[in-house]
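Report on the structure
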Amino acid sequence: MEYHLSLPLKEEERLKLKVGDKVFLTGEVYGMRDQAHKRIVELIKKRESIPIELSNSCIFYVGPTEPKPGEKVGSIGPTTSGRMDPFTPMLISYGVRVIIGKGRRSKDVIEAIRKHKALYLVAPGGISAYLRRFVSEIKMIAFEDLGPEAIYSLKLKDFPTFVSIDTGGNSL
Amino acid sequence: MRTLDTITITDHIEKLCKEINYKLDEKVLSLIEESARRESSIIGREVFSQMFTSYKIAKEDKTPLCQDTGIVSVFLDIGQEILLKGIPIEEAVNIGVRRAYTSSFFRSSIVKDPIGKRENTMDNTPCVIHTKFTTGEKIKISILVKGFGSENATTLKMFPPTATKSDIEEFLLEVIKEKGPNACPPLFIGIGIGGTADYALKLSKEALLELQPMDEWESYLLNRVNNLCIGPAGLGGDITAIYVKTKTFPTHIAGLPVAININCHILRIGSVII
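Residues numbered from 1 in each chain as written. Chains lettered and ligands numbered in written order. Predicted model: local features only at pLDDT ≥ 70, side-chain atom pairs only at ≥ 80, totals over all residues. Heavy atoms only, no water.

What follows deals with the overall build of chain A. When you go through chain A residue by residue, the secondary structure sums to five helices and seven strands. Along chain A, helices (α) and strands (β) appear in the sequence β-α-β-α-β-α-β-α-β-α-β-β when read from the amino end. For 172 residues, the compact-globule formula gives about 16 Å, and the C-alpha radius of gyration of chain A, at 15 Å, lands near that figure. C-alpha atoms of chain A, sized along the principal axes, occupy 45 × 40 × 25 Å. The burial tally for chain A puts 60% of its 172 residues in the buried class. As displayed, chain A offers around 7100 Å² of accessible surface, 49% of which is attributable to carbon and sulfur atoms. (Helix = DSSP H or I, 4+ residues; strand = E, 2+ residues; numbered from the N terminus. Rg over C-alpha atoms; globule rule 2.2 N^0.38 Å. Buried < 20%, exposed > 50% of the residue type's maximum accessible area, 1.4 Å probe, protein only. Areas by Shrake-Rupley, 256 points an atom, 1.4 Å probe, with all protein chains shown as cover.)

So, in structure tokens, the structure goes:
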């Protein structure tokens, strides 16, 4: 099946998506990867405030290239999700409901996805020149000192993904 | 004796780094096209079509093929009849990398201290340089730009000397099964066999620089990898890998090092002889 959906996704929208479905996403997502995950989780553990709102949010594992002068976005594509596995169950329990990345997830992540009726979507790696066409805007919103590993806000427009782990914890 | 100013190397490195981040090598592209024709799954065909669209856009718009514009490995085959003058050769190479990455808005992905603060150098240097001496008075520069999604999948195993080809086959399948989906399939696989541990790893990288035709065993290995059905983007399908190449070197009586280098579908290679 093929779906065109706007973020944030409602629970009933997430529930109807099944492994292998093609999903075109529109809306705002957080772009963040390794070091930003580590920091967010450390802040949560220390009961300190975090710079982003996690409730019903979508995280895209990404570290984009800089835009060329006169352009809004550089090359954008998913990075390997597995490296975020140690941090993901906590972030899901704090409200993340949709994740975009590439590659395998751990058992703990699959269990957290099932428990909280979240979704794991994948986009193929190595096609960033194509994927950038579906991102209309990108801006750095936190942890500026991390450079390409900072937290970004990205506006997606019909961004193509496939469901890799659905709300039932079924995976490809 | 021929004299060469190392700044010439800088210029070539800069040009190659730019080019291979936008444009796939012709041999790489034709190998991918050949494989795509054998893909029968719907999702797999869809992924291949996205891949080809992306390659075309990257080339036309001069946009990086991947947001991970990689770590640069440079292989220099230096003819021993040449006299190099000017700045030290390693510096010349790094200046070329720096110029390419900062002027093209490629991502700076290199951090200074791997176990400390991991502060970004912001110009994608230093690169990794391998030198070798050859006869003659020419220099061959080969470059490999590789993202870490696939570099993290690199695996080394020190087999006992009594191990067989089929032990290596099983090891390859195990590694691809475990790490292949994360490395942006369909894959190019280089296998280094022999030498020492470090040398086998180097051979596994060199194995993917030339793209010579596969021999019988390599074709057989490719078939077995494809039977894993990991498929393009790891979403299932017939084509998990596009190409397998082995490179061997004599080794010690007591061992058999085997290194597996997994590269994503955008194998970013380029070379020039000066």
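Opposite the 35 residues of chain A that make contact, chain B presents 34 residues. The contact between chain A and chain B buries some 2900 Å² in all, and 57% of this surface belongs to carbon and sulfur atoms. For the pair chain A and chain B, the number of links is two salt bridges. For R133(A), the salt bridge is made with D61(B), and the minimal N-O distance between the two is 3.7 Å. The tally of links from chain A across to chain B stands at 18 residue pairs in polar contact (both at pLDDT 80 or more). (Contact = heavy atoms within 4.5 Å. Buried area = accessible area lost by both parts, 1.4 Å probe. Salt bridge = Lys/Arg side-chain N within 4 Å of Asp/Glu carboxyl O. Polar contact = N/O pair within 3.5 Å; in protein donor to acceptor, adjacent residues only side chain to side chain.)

Moving on, we come to the domain arrangement of chain B. Residues and elements named next belong to chain B. Looking at the assigned domains, one finds that chain B contains domain 1 (1-24 + 65-146) and domain 2 (147-274). One C-alpha centre belongs to domain 1, the other to domain 2; they are set 24 Å apart. Of the residues lining the interface, 28 residues belong to domain 1; the matching set on domain 2 comes to 23 residues. Both faces considered, domain 1 and domain 2 share a buried interface measuring about 2200 Å² in area, 62% of it formed by carbon and sulfur atoms. (Domains from an automatic or database assignment.)

Moving on, we come to unusual backbone geometry. Between L7(A) and the following residue, P8(A), the backbone shows a cis peptide bond with an omega angle of -5 degrees. Within the secondary structure, P8(A) is located in the loop between strand 1 (2-6) and helix 1 (11-16). Of note, the amide linkage connecting T125(B) to P126(B) takes the cis form, showing an omega dihedral of 0 degrees. As for its placement among the helices and strands, P126(B) is situated in the loop between helix 4 (89-103) and strand 4 (128-134).

Right, let's get into the packing of helix 2 (residues 26-36) of chain B against helix 3 (residues 42-61) of chain B. Between two packed helices, the angle of one axis relative to the other and the distance separating the axes together describe the packing. Residue and element names in this part refer to chain B. Direction vectors running N to C along helix 2 and helix 3 enclose 155 degrees, while the axes themselves pass 11 Å from each other. In this view, helix 2 runs roughly antiparallel relative to helix 3, as classed from their interaxial angle. Seen along the crossing, helix 2 lies across helix 3 with a hand that is left-handed. Note on element contacts: helix 3 touches helix 2 through F48, M51, F52 and Y55, opposite L29, I32, E33, S35 and A36. Its residues placed into classes, the contact of helix 2 with helix 3 shows seven nonpolar, one polar and one charged. (Axes fitted to C-alpha atoms, helices over the stretch in contact; angles between N-to-C directions. Parallel < 35°, antiparallel > 145°, perpendicular 65-115°, else oblique. Left-handed = near helix turned anticlockwise from the far one by under 90°. Nonpolar A, V, L, I, M, F, W, Y, C, P; charged D, E, K, R; others polar.)

What follows is about the environment of G20(A). Within the secondary structure, G20(A) sits in the loop between helix 1 and strand 2 (22-31). Ignoring anything within four residues of it in the chain, the contact list for G20(A) reads F162(A), V163(A), L172(A) and I43(B).

Attention now moves to helix 2 of chain B. Residues and elements named next belong to chain B. Where helix 2 is concerned, the buried positions are V28, L31, I32, S35 and A36. Viewed along the axis of helix 2, the buried residues span an arc of 140 degrees, placing them on a single side of the element. In this structure, the buried residues of helix 2 make contact with helix 3, strand 7 (187-195), strand 8 (241-251) and strand 10 (268-273). (Arc of directions from axis to C-beta.)

A word on the side chain of N21(B). All names here are of chain B. Of note, N21 is situated in helix 1 (residues 7-22). Assessed through its relative accessible area of 0%, N21 is described here as buried. A polar contact of 3.4 Å, which involves the side chain of N21, links it to the side chain of R268. Once residues within four sequence positions are removed from consideration, N21 is found in contact with T63, P64, L65, T69, Y101, F106, V145 and R268.

Turning our eyes to something else, we now look at the side chain of K245(B). Residues and elements named next belong to chain B. Relative to the helices and strands, K245 resides in strand 8. The class of K245 is buried, set by a relative accessible area of 13%. Among the polar contacts made by the side chain of K245, one reaches the main-chain carbonyl oxygen of P213 at a distance of 2.7 Å. Side-chain polar atoms of K245 contact the side chain of E218, separated by 2.8 Å. Apart from the residues lying within four places of it in its own chain, the contact partners of K245 are I189, G190, I191, A207, Q212, P213, M214, D215 and E218.

Take the sheet that holds strand 5 (residues 139-146) of chain B next. Remark on secondary structure: sheet strands pair via backbone hydrogen bonds, oriented parallel or antiparallel. Residue and element names in this part refer to chain B. The sheet built from four strands is open, its strands ordered 4-2-5-10 with mixed pairing. Each edge of the open sheet is held by one strand with a lone partner, namely strand 4 and strand 10. For this sheet the average axis-to-axis angle between neighbouring strands, irrespective of direction, equals 15 degrees. Two elements, strand 2 (residues 71-79) and strand 5, share eight bridges in a ladder whose sense is antiparallel. Each residue of the ladder has a partner; that of I78, found in strand 5, is I139. (Pairing = 2+ DSSP bridges.)

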